[in-house]
Amino acid sequence: MTNNQSDKHGLFARLRRSRESIAQGVVELFNSSAEFDEVFFEDLEDRLIMADVGVEASSDLVQRLRLAVREGGVTEGAAVMSLVQQKAAEMLEEIERPWEPPVAKEPWVIMLVGVNGVGKTTTIAKLAYHLNSEGRSVMLAAADTYRAAAIEQLQVWGERLKVPVVASSRGSDAAAVAHDALTAAQARQMDVLLVDTAGRQHTDVGLMDQLTKVSRVLTKCQAGTPHEILMVVDATNGQNVLSQIDHFHQRLGLSGLILTKLDGSAKGGVLLSASKRFQLPVRFVGLGEGESDLKKFDPLDFSKSLFSL
Ligand SMILES: Nc1nc2c(ncn2[C@@H]2O[C@H](COP(=O)(O)OP(=O)(O)OP(=O)(O)O)[C@@H](O)[C@H]2O)c(=O)[nH]1
Ligand SMILES: [Mg+2]
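Residues numbered from 1 in each chain as written. Chains lettered and ligands numbered in written order. Predicted model: local features only at pLDDT ≥ 70, side-chain atom pairs only at ≥ 80, totals over all residues. Heavy atoms only, no water.

## Focus on the overall build of the protein chain
Then step 1. For the protein chain, the count of helices and strands is 12 helices and 8 strands.
Then step 2. Over its C-alpha trace the protein chain gives a radius of gyration of 21 Å, about what one expects of a compact globule, namely 19 Å for 309 residues.
Then step 3. Projected onto its principal axes, the C-alpha coordinates of the protein chain cover approximately 65 × 40 × 35 Å.
Then step 4. Of all 309 residues assigned to the protein chain, the portion counted as buried reaches 54%.
Then step 5. Look at the contacts in the protein chain between residues 6 or more apart in sequence, and 75% of them connect residues 24 or more apart. (Helix = DSSP H or I, 4+ residues; strand = E, 2+ residues; numbered from the N terminus. Rg over C-alpha atoms; globule rule 2.2 N^0.38 Å. Buried < 20%, exposed > 50% of the residue type's maximum accessible area, 1.4 Å probe, protein only. Contact = heavy atoms within 4.5 Å.)

Shown next, in the form of structure tokens:
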């Protein structure tokens, strides 16, 4: 990635607010520190916690930094900041897993889940656009049969992106829609099936049960599916995303995260905290409302965007 701020899709430019909020405290500290000693490390840890990086991740990051600074005998602010970037990236890289479709003739099935309004449906559209541009054929399943206009919203995206959408009527069984969509995707030899689901609060037991049913029915229809259950979280929710992920992960066994609305958030630091706690790789980040506003997650890009002088 480039650090060119005029690049419309540059993560660096889009993450300005996150960066500023973290940078405010951290840069102040770097500017006012003559030495990178224990007092500095403790202060840095506090400022990272304030910036939504969370207690565990901040402590881990600062410990890695402490060792690297001491081992390397690093004394210069810019060099210490570069180590902060590297160590944050290292933490994220440790839980990365390859993002590749299984070698099979059957569709690669990806289900998106999350609480209301976080950007699931928009992210489905962005993913369809992304996968299409890689040369994969994509089909969408409108398994949000709950919210008014949810089906139409996905159909509008389908028309715009020229990808087929399998839908039923509002109020119908979400698991049946998922089943029909997978059968259709198999018949039409689609490479990928993206399953949209209704937003739900993790405390809503009935709706959480429905979600596990969707997943179960997919497995029955084609063993090994869904290959991915990605939880979409909204960066503007800050530390609240941790309890959301906790509940969804317990019920469904998530395979990864997508962080949306990073363009409008000062809370990108929560990603370090979430990925560390749940050991879930971050697959993509959402940086706007258009179909091309999705970026494949790159740990070093992200860390550089978050921490810089
Ligand atoms: N700025 C910004 N807006 C986004 C992003 N992703 C989604 N949105 C907007 O967030 C709003 C909600 O998006 P949806 O995709 O409908 O969210 P959802 O999770 O499907 O919502 P429900 O199905 O009602 O739970 C829309 O106005 C989107 O345009 C993003 O990365 N950045
Ligand atoms: Mg939706």
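## Remarks on the side chain of Thr 123
Then step 1. Tracing the sequence through the fold places Thr 123 in helix α6 (residues 120–133).
Then step 2. Look at Thr 123 and you get buried, because its relative accessible area is 0%.
Then step 3. Setting aside anything within four residues of it in sequence, one finds Thr 123 in contact with Leu 112, Val 232, Ile 258, Thr 260 and Leu 294.

## Quick look at the pairing of strand β1 (residues 108–113)
Then step 1. For β1, the buried fraction is high: 6 of the 6 residues fall into the buried class.
Then step 2. Residues Trp 108, Ile 110 and Leu 112 line one face of β1 and the alternating positions Val 109, Met 111 and Val 113 line the opposite face, and both faces are buried.
Then step 3. Relative to strand β4 (residues 192–197), β1 runs parallel, the two being bridged by 4 bridges. When the bridges of β4 are listed, Met 111 appears paired with Val 195.
Then step 4. The sheet contact formed by β1 and strand β5 (residues 228–234) spans 4 bridges and is parallel. The residue bridging Met 111 from the neighbouring strand is Ile 229, located in β5. (Pairing = 2+ DSSP bridges.)

## Some details on the nonpolar core
Here is a general trend for soluble globular proteins: nonpolar side chains tend to be buried in one another's company.
Then step 1. Counting residues in each nonpolar core, the largest one holds 94 residues, and the members touching the most others are Leu 194 and Ile 245.
Then step 2. If you tally residues by element for this core, the top one is helix α5 (residues 77–93), at 7 residues.
Then step 3. Residues lining this core come from more than one domain, with at least three contributed by each of domain 1 (3–94) and domain 2 (108–298).
Then step 4. With sequence-adjacent residues up to four places away left out, Ile 245 is seen in contact with Met 231, Val 233, Leu 254, Leu 257, Ala 274, Phe 278 and Leu 280. (Core = buried A, V, L, I, M, F, W, Y, C linked by side-chain atoms within 4.5 Å. Domains from an automatic or database assignment.)

## Comments concerning the packing of aromatic side chains
Then step 1. Taken as a whole and assessed by the stated rule, the structure comprises 7 aromatic pairs.
Then step 2. Ring plane angle 45° and centroid distance 5.7 Å describe the contact between Phe 30 and Phe 36, whose orientation is recorded as tilted.
Then step 3. Overall, the relative accessible area of 13% leaves Phe 36 in the buried class.
Then step 4. Ring plane angle 55° and centroid distance 4.9 Å describe the contact between Trp 99 and Trp 108, whose orientation is recorded as tilted.
Then step 5. Overall, Trp 99 belongs to the buried group, its relative accessible area being 8%. (Phe/Tyr/Trp six-rings, centres within 6.5 Å; stacked < 30°, edge-to-face > 60°.)

## A few points about the site of ligand 1
Then step 1. Every one of the 19 residues lining ligand 1 counts as a neighbour, but Lys 120, Thr 122, Arg 147, Asp 263 and Glu 289 are closest to it.
Then step 2. Within the contact set of ligand 1, an oxygen atom lies 2.9 Å away from a side-chain nitrogen or oxygen of Gln 153.
Then step 3. Between ligand 1 and Glu 289, the relevant distance is 2.5 Å, taken from an oxygen atom to a side-chain nitrogen or oxygen of the residue.
Then step 4. Contact with the protein chains covers 81% of the free accessible surface of ligand 1, which is 650 Å².
Then step 5. In this structure the site holding ligand 1 corresponds to the largest pocket. (Near = heavy atom within 4 Å. Polar contact = N/O pair within 3.5 Å; in protein donor to acceptor, adjacent residues only side chain to side chain. Areas by Shrake-Rupley, 256 points an atom, 1.4 Å probe, with all protein chains shown as cover. 1 Å grid on protein atoms, 1.4 Å probe; cavity = no way out; pocket = protein on both sides within 12 Å on 5 of 7 lines; lining within 4 Å. Sits in = over half its atoms within 2 Å of the grid points.)

## Points about unusual backbone geometry
Then step 1. Looking along the chain, the bond that leaves Thr 225 and enters Pro 226 is cis, with omega of -10°.
Then step 2. Its identity as a non-glycine residue notwithstanding, Gln 279 has a phi of 55°, on the positive side.
Then step 3. Here Gln 279 shows up in the loop between α11 (270–278) and β7 (282–286).

## Quick look at the pattern of salt bridges
Then step 1. Tallying each qualifying case throughout the model produces 17 salt bridges.
Then step 2. Between Asp 60 and Lys 276 there is a salt bridge; the shortest N-O distance is 3.0 Å. On the criterion of sequence distance, the pair formed by Asp 60 in helix α4 (residues 55–72) and Lys 276 in helix α11 is long-range, its members being 216 residues apart.
Then step 3. Lys 213 is the partner of Asp 173 in a salt bridge, and the nearest nitrogen-oxygen pair spans 3.1 Å. Of the two residues, Asp 173 is situated in the loop between β3 (165–166) and α8 (174–187) and Lys 213 in helix α9 (residues 205–221); the sequence distance between them amounts to 40 residues.
Then step 4. What you see here is one network of salt bridges that share partners, running through Asp 60, Arg 64, Lys 87, Glu 90, Glu 94 and Lys 276. (Salt bridge = Lys/Arg side-chain N within 4 Å of Asp/Glu carboxyl O.)

## Brief notes about the confidence of the model for the protein chain
Then step 1. Averaged over the protein chain, the pLDDT score is 90; the fraction of residues at 70 or greater is 91%.
Then step 2. Overall, residues 1–9 carries pLDDT values under 50, and its contacts beyond four positions in sequence, including any with other chains, amount to 19 contacts. (pLDDT = per-residue confidence, 0-100.)

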